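Inside the fold
This is what each chain is made of:
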Amino acid sequence: MDIIQEPGKPDFVLLDNLTLEAFMENLKIRFQKGRIYTYIGEVVVSVNPYKAMNIFTPEYIKDYKGREFWEKPPHIYALADAAYKSMKRYMKDTCIVISGESGAGKTEASKIIMNYIASITNVSARAEIERVTGILLKSNVILESFGNAKTNRNDNSSRFGKYMDINFDFKGDPIGGHINNYLLEKSRVVHQQSGERNFHSFYQLLLGATEQTLTSLHLKRDVDAYNFTRQDQSNNSRSIDDKRTFREMTGAFKAVGFTHDEQKALFQLLAVILHLGNIEFVLNGDVVGVKNKQVLSQIAELLGTSADAIEQALLTRVVAARGEVISKLHTHEDTCFARDAFAKAIYERAFSWIVQRINTIIEVKLDITRYGKSTLIGVLDIYGFEIFDNNSFEQFCINYCNEKLQQLFIELVLKQEQEEYLREGIDWQNIDYFNNCIICELVEQPHKGIISILDEACLNVGTVTDVMFLEAMDKKLKGHGHYQSRRLSPTDKDLSHNQDFRIIHYAGKVRYSVVGFMEKNKDQLFQDFKRVLYKSSNKVISDMWPEGAQSVKEVTKRPLTAGTLFKNSMIQLVGKLSSKEPYYVRCIKPNEMKSPIQFNDDRCEHQVAYLGLLENVRVRRAGFANRQPYSRFLQRYKMLSSYTWPNHQCKGDKEAVQALIKDISSRPGILVNGKPGFEHDVAYGNTKIFIRTPNTLVTLEEQRVDLIQYIIVLLQKMWRGANARRRYKRTVATYKIMNRYRVYKMRCYLLEMSKRFHNVRKMRDLGKSVVWAQPPKVLTQLAEHMKLMHARWRAGHIVKSIPHDQWPLIQLKCAAYDALHGKRSNWLRQGKWEGNYLASMSDNAAQASSFQSVSNNIKAKHSFNKVVFSAHVRKMNKNNKSEDRALLVTDKLIFKLDPKKGYKPMTSGVLLRKVTGLSVSSSSNQLLVIHLDGHDDLVTCIHKTNPPNQDRVPEAIGCIMRVIKLEQNRDILVNVGKSIQVKLGGKTKTISFDETNGATSNFRKVSNTSIMLTTSTT
Ligand SMILES: Nc1ncnc2c1ncn2[C@@H]1O[C@H](COP(=O)(O)OP(=O)(O)OP(=O)(O)O)[C@@H](O)[C@H]1O
Ligand SMILES: [Mg+2]
């Protein structure tokens, strides 16, 4: 609970100075701030808000479920949860006692509690549990219709006491229930105070039932037509919607499981009562008769009996005297009394019957012993202490009931404290409190108590009056500290002679008038009525009155008086409650106007006084104001010390709490009640820490609030850190997986390739035919390398098998390959490459020797080492003229020779370093262009080969490239194209050609810039 943020003190125990003023101030502040609940330890003080509050939503239910009292702001849910938890955890029966005066909100509180229990147990929505909680909730509607009425204090005042047990199985699921009802205010049936109404059921029937139903009951839709429901002008009951509540009531009857006949019988009884109220009597001489016989026959019809029987019962009384049965006529007064007694008795019996009927429906049907122990939660919604101007027998009973409950409260609270201290090994301190046992005894003691004296007076034969009863009390109770009368204190003018007596209740002094005490205590209904009802042809009605079966002559014991019955039921109730662990809701009514804003100080102070709330706080504070299990205490305050934050290293929680308290106590500035530190203010029990004064708790809370902000930041930091670490780890893991996968893929690839190449040495083609698998992307480059390596390896192998003298040729072919492969249609000629064809006898038989001698001359002159290539060519000059020439390529210079003049050199030769590139056709013609730097290009076409048409261009290319590489370590470009650009006479010209190849070739000018190479076979 956030002690610091709550308005006022959320627990009265935390008040600094416990005075009535401080108590009232706190109650008022909280009420004005909309805090209707405040604790006294585990007691909930509830102030009626008189307005709808949004604190009963499912979210609130969820919030309070399973939480402890001090964890959340005060709420009745916390109490309901504590009762439920204790029952479930420890298999203990618990009860919730709700008290307070009329209109203080008891019934509403009981419904809120029931709803809470139904909600938290219905989570699994199992059919049986839903059925049980449904009936428990719906039965309220029926009981409110029949047992509640509009009074001057409360539009929906419960005119009976109710105690409801809810049974749970070992799992904590509700499996049934039982309702006890106490002292219905039946006098209301025949008489209501000005401004009040009869029980709701009458109005609901008259205003809500269908015309058909009303006709069958001989009723009119007019509440003023009946004496019992006729309303005086001051009664403004427009706020009550009887039509709607009638629908709800009939709906509830159906839902709970009342049969159609049962419901009909109940309506018939309501109608009978209304009709009875209209019966009038007339005096014919000495004889009394019924004036309106028609009403009588309607009553008879509705009761399933004869009009005569009813009339007789109203007018006469059958008694057995000395074995003879005689009929005695009533006086006029007697008949009126009998009629009213009849009406009251019918209503009271019908009400009790409804309660019994609900009980048979909700009683536990399962064989619980089969499933383990069953436990209970009891909810008591009973009338609060009443002080009116005129207090009669009913107030006497009600106030006695409150005395009993107060006594139980004190005993149980003290008993609980005592037991807890014993259990925890803490020294018990005596608490000074007022024990109202003496007042209970004043009322209930055998022989000497007021009820006994009253019974005695009623039992006396002869005419004993209320005054005589008062005299008897004065005699027997003389000297009792809590009883007063005019006779015993003649100066007390407040008490009337022969009429009043006063009881000093724990909650205040109440003056009672003895008038009517005896009659109400006797609570007589003549036997004749019971017999009539028992004989009813309506089974439901007949079953309600089993005692009517007795014969007139049968000598029966006198029935117990109302006072004794009530006393017994109270003793029984107290017995039931004291066997359970109690929880208390103390309701306070803030004003008489039903206003949500008014807080009437006097009224509230009075209620606080008679509910004994101040006393309650004193009892609670006399020992220890607060106690918490060590684990809970640690959970809440462990951040206050480094010994316990974030987790302690002590032997146990107790030692950790001790270390924590010691640590905080040693800090400067910690003062509790003027003394330094906390240690003098706490005691260590076996499982709980006990804190004597609220100051300690407040100081702890303050320190906690100071630290919480840092802890929140710390938690955020940790959380963010943890999140980031998690993300990082995930990323790292992802990369790891990716890497592993890549490695796996690479390994697969490499393994596959190594498998495929396993026998490569033995393959005839040395693995050329092996298909390379698709490499993973990362290995693409490697695969290319490997392919190259393999190719080189393979080439190496192949080359090794070639004789050494053929290597120059291979190198030439390689050079040609590099330049032409894939570009020229024919890039390699198989067979021997001779190079110096002009010196070859087979190729140039006629002129080989003359060429040889010219070649030798040139060699001598230009001192080159060897001839690289020679051939006959058709050459074109800058004037587009074609001439036959010979081409001689040496390792230093290139020469043009004139074959017609015995291979005379045409020029002094072009140095190899002038060669910038070569151009050839992409088809297989023999065009060979040598591009020269600073000279016209040498545009030729090789011809006159032997055999004819032999393709020597690749060889020429290979030779020229190779020699330039060897001599100058230079690579030259070889251009292969469908048309070739050349430079002649400073102009660029394009040579194009057709696809044919032939022995003779010629260049033909097409235009200034375009030349056609034609070949023909002739
Ligand atoms: N928690 C609440 N929220 C809103 N209104 C409430 C609450 N409690 C009580 N009331 C209002 O006060 C009225 C009286 O409450 P309730 O009938 O519970 O009083 P009571 O103590 O049972 O009185 P009685 O002794 O006459 O039966 C309700 O009808 C309702 O209007
Ligand atoms: Mg009530």
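For the structure, see preceding data.
What you see is a predicted model, and the numbers here were worked out from it, not measured in a lab.

All right, on to the overall build of the protein chain then. Summing up its helical and strand segments, the protein chain has 29 helices and 34 strands in all. At 60 Å, the protein chain has a C-alpha radius of gyration far larger than the 31 Å of a compact globule built from 1018 residues. Its C-alpha atoms put the protein chain at 185 × 80 × 55 Å along the principal axes. The burial tally for the protein chain puts 51% of its 1018 residues in the buried class. Intrachain contacts of the protein chain at a sequence separation of at least 6 include 62% that bridge at least 24 residues.

Here the focus is the site of ligand 1. Surveying the vicinity of ligand 1 reveals 17 residues, the closest of which are Ser102, Lys106, Thr107, Ser157 and Ser158. In this structure, an oxygen atom belonging to ligand 1 sits 3.0 Å away from a main-chain N or O atom of glycine 105. Within the backbone of glutamate 108, one N or O atom sits 2.8 Å away from an oxygen atom of ligand 1. Relative to its unbound accessible surface of 630 Å², ligand 1 loses 84% to contact with the protein. Broken down by secondary-structure element, the contributors of at least two residues to the shell around ligand 1 are helix H4 (106-121) and strand S5 (157-158).

Attention now moves to the coordination of the magnesium ion (ligand 2). Donor atoms from the polypeptide that bind the magnesium ion (ligand 2) are Thr107 (OG1) and Ser158 (OG), placed at 1.9 to 2.0 Å. Residue threonine 107 is found in helix H4, and its partner serine 158 is found in strand S5; the two are separated by 51 residues along the sequence. Threonine 107 sits in the buried class, given a relative accessible area of 12%.

Our focus in this paragraph is the environment of leucine 405. Mapped onto the elements, leucine 405 comes out in helix H13 (residues 393-424). With relative accessibility at 7%, the residue leucine 405 sits in the buried group. C-alpha of leucine 405 to C-alpha of glutamate 25: the two residues are 380 residues apart in sequence and 27 Å apart in space. Those residues in contact with leucine 405 that lie beyond four places of it in its chain are Leu380, Ile382, Leu577 and Tyr584.

In the structure shown here, the tally under the stated rule is 48 salt bridges. Lysine 72 serves as the salt-bridge partner of aspartate 63, at 3.1 Å between the closest nitrogen and oxygen. A salt bridge links glutamate 420 to arginine 627, with the shortest nitrogen-to-oxygen separation between them at 3.2 Å. With glutamate 420 in helix H13 and arginine 627 in strand S17 (residues 626-629), this pair connects stretches of sequence that are 207 residues apart. What you see here is one network of salt bridges that share partners, running through Asp492, Asp494, Asp500, Arg502 and Arg511.

Another aspect to go through is the packing of helix H5 (residues 127-147) against helix H12 (residues 332-362). Between H5 and H12, the least distance of the axes is 11 Å, while the angle of their chain directions is 175 degrees. Judged on the interaxial angle alone, H12 and H5 are roughly antiparallel. Across the interface between the two elements, Arg131, Ile135, Leu136, Ser139, Ile142, Leu143, Ser145, Phe146 and Gly147 of H5 pack against Tyr347, Phe351, Ile354, Val355, Ile358, Ile361 and Ile362 of H12. Residues that form the contact of H5 with H12 fall into these classes: twelve nonpolar, three polar and one charged.

A separate point is the sheet that holds strand S33 (residues 1000-1005). Pairing is mixed across the open sheet formed by four strands, whose spatial order is S31-S32-S34-S33. Strand pairing shows two members of the sheet lacking a second neighbour, strand S31 (979-984) and S33, which therefore form its edges. Between one strand axis and the next, the sheet turns by 30 degrees as a mean value, whatever way the strands run. Inspection of the sheet shows S33 paired to strand S34 (residues 1010-1016) by six bridges, in the antiparallel sense.

Further remarks concern the packing of helix H1 (residues 20-32) against helix H21 (residues 601-610). Following both chains from N to C, one finds H1 and H21 inclined at 115 degrees, their axes separated by 11 Å at the closest point. Crossing of H1 against H21: the hand is right-handed. Of the residues in H21, those in contact with Leu20, Phe23, Met24, Leu27 and Lys28 of H1 are Asp601, Cys604, Glu605 and Val608.

All right, on to the sheet that holds S17 then. Pairing in this open sheet of three strands is antiparallel, and the strands run S17-S21-S20 from one edge to the other. Looking at the sheet topology across the chains shown, the edges are occupied by S17 and strand S20 (682-684). Across the sheet, the axes of successive neighbouring strands diverge by a mean angle of 20 degrees, strand direction being ignored. Pairing of S17 with strand S21 (residues 688-691), which is carried by four bridges, proceeds in the antiparallel orientation. For arginine 627, the partnering residue across the bridge sits in S21 and is phenylalanine 690. Contacts from helix H24 (residues 653-665) reach S20 and S21 within the one sheet, and its direction differs from that of S20 by about 155 degrees.

Time to look at the packing of aromatic side chains. Scanning the model with the defined rule gives 32 aromatic pairs in all. Taken together, a centroid distance of 5.4 Å and an interplanar angle of 80 degrees make the contact between phenylalanine 851 and tyrosine 903 edge-to-face. Note that phenylalanine 851 is positioned in helix H28 (residues 848-862) and tyrosine 903 in the loop between strand S24 (893-898) and strand S25 (904-905), a separation of 52 residues in sequence. Taking relative accessible area as the criterion, phenylalanine 851 reaches 0% and is therefore assigned buried. Residue classification places tyrosine 903 among the buried residues on the basis of a relative accessible area of 0%.

Across six bridges, S31 lies against strand S32 (residues 987-993) in antiparallel orientation. Counted as the bridge partner of serine 979 is serine 992 from S32. In this sheet, S34 lies alongside S32 in parallel orientation, the contact comprising four bridges. Looking at S34, one finds that phenylalanine 993 is bridged to leucine 1013.

So, about the side chain of threonine 561. As for its placement among the helices and strands, threonine 561 is situated in the loop between helix H19 (539-544) and helix H20 (562-578). Polar contacts involving the side chain of threonine 561 include one to the side chain of threonine 564, which spans 3.0 Å. Ignoring any residue separated from it by four or fewer positions in sequence, one finds threonine 561 in contact with Asp455 and Asn521.

Calculation notes
- Residues numbered from 1 in each chain as written.
- Chains lettered and ligands numbered in written order.
- Predicted model: local features only at pLDDT ≥ 70, side-chain atom pairs only at ≥ 80, totals over all residues.
- Heavy atoms only, no water.
- Helix = DSSP H or I, 4+ residues; strand = E, 2+ residues; numbered from the N terminus.
- Rg over C-alpha atoms; globule rule 2.2 N^0.38 Å.
- Buried < 20%, exposed > 50% of the residue type's maximum accessible area, 1.4 Å probe, protein only.
- Contact = heavy atoms within 4.5 Å.
- Near = heavy atom within 4 Å.
- Polar contact = N/O pair within 3.5 Å; in protein donor to acceptor, adjacent residues only side chain to side chain.
- Areas by Shrake-Rupley, 256 points an atom, 1.4 Å probe, with all protein chains shown as cover.
- Donors = N, O, S within 2.8 Å, 3.2 Å for Na, K, Ca; no water.
- Salt bridge = Lys/Arg side-chain N within 4 Å of Asp/Glu carboxyl O.
- Axes fitted to C-alpha atoms, helices over the stretch in contact; angles between N-to-C directions.
- Parallel < 35°, antiparallel > 145°, perpendicular 65-115°, else oblique.
- Nonpolar A, V, L, I, M, F, W, Y, C, P; charged D, E, K, R; others polar.
- Pairing = 2+ DSSP bridges.
- Left-handed = near helix turned anticlockwise from the far one by under 90°.
- Phe/Tyr/Trp six-rings, centres within 6.5 Å; stacked < 30°, edge-to-face > 60°.

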